[in-house]
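# Geometric and topological summary
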Amino acid sequence: MNTAWLNTPWRRWYPAAVARPAMSHGWWAWVASRDSLTARLIAAADGRPFRVRLLDQRIGRPGNDEAQALGLKPRERAWLREVALCIDDRPWVVARSVVPLARLHGQRLDRLGERSLGHWLFRQPDLERGPIEVTRATAGFHCSHGPWGRRSMFRHGRFAVLVQEFFLDTMAAELRLPPC
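Right, let's walk through the structure included here. (Residues numbered from 1 in each chain as written. Predicted model: local features only at pLDDT ≥ 70, side-chain atom pairs only at ≥ 80, totals over all residues. Heavy atoms only, no water.)

### Brief notes about the overall build of the protein chain
The condition that has to hold: Comment: elements are numbered from the N terminus, with helices defined as DSSP H or I runs of at least four residues and strands as E runs of at least two. Our radius of gyration looks at C-alpha atoms and nothing else; its globule reference is 2.2 Å times the residue count to the power 0.38. Three exposure classes are used, based on accessible area relative to the maximum for each residue type with a 1.4 Å probe and protein chains only: buried under 20%, partly exposed in between, and exposed over 50%. Shrake-Rupley sampling with a 1.4 Å probe provides the accessible areas, and residues are treated as covered by the protein chains on show and by no other component.
Assigned secondary structure in the protein chain consists of 6 helices and 8 strands. The N-to-C order of helical and strand elements in the protein chain reads β-α-α-α-β-α-β-β-α-β-β-β-β-α. For 180 residues, the compact-globule formula gives about 16 Å, and the C-alpha radius of gyration of the protein chain, at 16 Å, lands near that figure. Across its three principal directions, the C-alpha atoms of the protein chain cover 40 × 40 × 30 Å. Within the protein chain, buried positions represent 47% of all 180 residues. As displayed, the protein chain has an accessible area near 9,100 Å², and 51% of this comes from carbon and sulfur atoms.

### Comments concerning the state of the cysteines
Going by this rule: Whenever a pair of cysteine sulfur atoms sits within 2.5 Å, that pair is classed as a disulfide.
Here the structure, examined in full by the defined rule, presents 0 disulfides. Take Cys86: it sits in no disulfide, and the sulfur closest to it among the cysteines is that of Cys143, at 12 Å. Judged by its relative accessible area of 68%, Cys143 falls in the exposed class.

### Observations concerning the nonpolar core
This is how the line gets drawn: The set of buried Ala, Val, Leu, Ile, Met, Phe, Trp, Tyr and Cys residues whose side-chain atoms join them within 4.5 Å is what this entry labels a nonpolar core. Note on contacts: a residue pair is in contact if any heavy atoms of the two residues lie within 4.5 Å.
Residues Trp27, Trp30, Leu41, Val93, Phe167 and Met171 are the most contacted members of the largest nonpolar core, which totals 23 residues. Mapped by element, the contributors of at least two residues to this core are helix H1 (16-19), helix H2 (25-31), helix H3 (37-44), strand S3 (78-87), strand S4 (90-100) and helix H6 (169-175). In contact with Val93, other than residues within four places in its own chain, are Leu37, Leu41, Val83, Ala84, Leu85, Glu165, Phe166, Phe167, Leu168 and Met171. Formed by 12 residues, the second largest nonpolar core is a distinct cluster that contains Leu109, Trp120, Val161 and Val163.

### A word on H3
In plain terms, the rule: Read the arc as the range of directions from the helix axis to the C-beta atoms. Two N or O atoms form a polar contact when they lie within 3.5 Å of each other; inside protein one atom must be a possible hydrogen donor and the other a possible acceptor, and for residues adjacent in sequence the pair counts only when both atoms belong to side chains.
Considered for burial, the residues of H3 that qualify are Leu37, Thr38 and Leu41. Buried residues along H3 cover an arc of 100° about the axis, so they all sit on one side. For H3, the capping residue at the N-terminal end is Ser36, with a side-chain oxygen 3.4 Å from the backbone nitrogen of Thr38. Backbone geometry just downstream of H3 places Asp46 in the positive-phi region, at approximately 55°.

### Some details on the environment of Asp65
Inspection of the secondary structure assignment puts Asp65 in helix H4 (residues 64-70). Taking C-alpha positions, Asp65 is 7.7 Å from Arg12, a pair spaced 53 residues apart along the chain. At 2.8 Å, the side chain of Asp65 forms a polar contact with the side chain of Trp13.

### Section: the side chain of Glu82
Note on placement: Glu82 falls in strand S3. Polar contacts involving the side chain of Glu82 include one to the side chain of Arg96, which spans 2.4 Å. What Glu82 contacts, discounting residues up to four positions off in sequence, is Arg53, Leu54, Leu55, Asp56, Arg58, Ala95, Arg96 and Phe141.

### Digging into the environment of Pro21
Locating Pro21 in the fold gives a position in the loop between H1 and H2. C-alpha of Pro21 to C-alpha of His142: the two residues are 121 residues apart in sequence and 27 Å apart in space.

### So, the pattern of salt bridges
Using the following cut-off: Salt bridges are defined as contacts in which a side-chain nitrogen from Lys or Arg sits within 4 Å of a carboxyl oxygen from Asp or Glu.
In total, this model carries 12 salt bridges according to the counting rule given. The partner of Asp89 in a salt bridge is Arg51, and the shortest N-O contact between them spans 3.1 Å. Taken together, the residues span a long stretch of sequence, with Asp89 in the loop between S3 and S4 and Arg51 in strand S2 (residues 50-60) at a distance of 38 residues. Judged by relative accessible area, Asp89 falls into the partly exposed class, the value being 45%. Judged by relative accessible area, which is 31%, Arg51 ranks as partly exposed. Between Asp56 and Arg58 there is a salt bridge; the shortest N-O distance is 2.3 Å. When its relative accessible area of 34% is taken as the criterion, Arg58 is described as partly exposed.

Shown next, in the form of structure tokens:
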């Protein structure tokens, strides 16, 4: 299988199954999981403190790849939230969530503060998660690097959010995961 796409410098997203042959079993277990990443990180922390560090939250324009995934028109604005998911105050994952303003439907996500969006999402009884896509590109909003990023769309009624999670080298080192 040709895996040249894994080294492209721009952020391109591919179905998780396309990346599977290039990914170790350990990474596949993290990247392809459909359950709560927050819960998985807390379990992997083995009693060490978990924290969500709010990096940024604002109304703004999503990136081109985000707007395309959400079906937004050029220059359409969205609610943007960027966080670091930390173990012992060291970021293991950075995440960016994008919600089109028209799809917020009264949700007051700006009140989450340093609480996990995933914790709220996975408590919704009618939650639907779309397919997982992966990238080898960096987050772009955070200076740390890592081997994989993933994203998927979550829907709860008429509410929809694109969640992008980038696994960092600090997590790989702590869990002794291979480079890919």
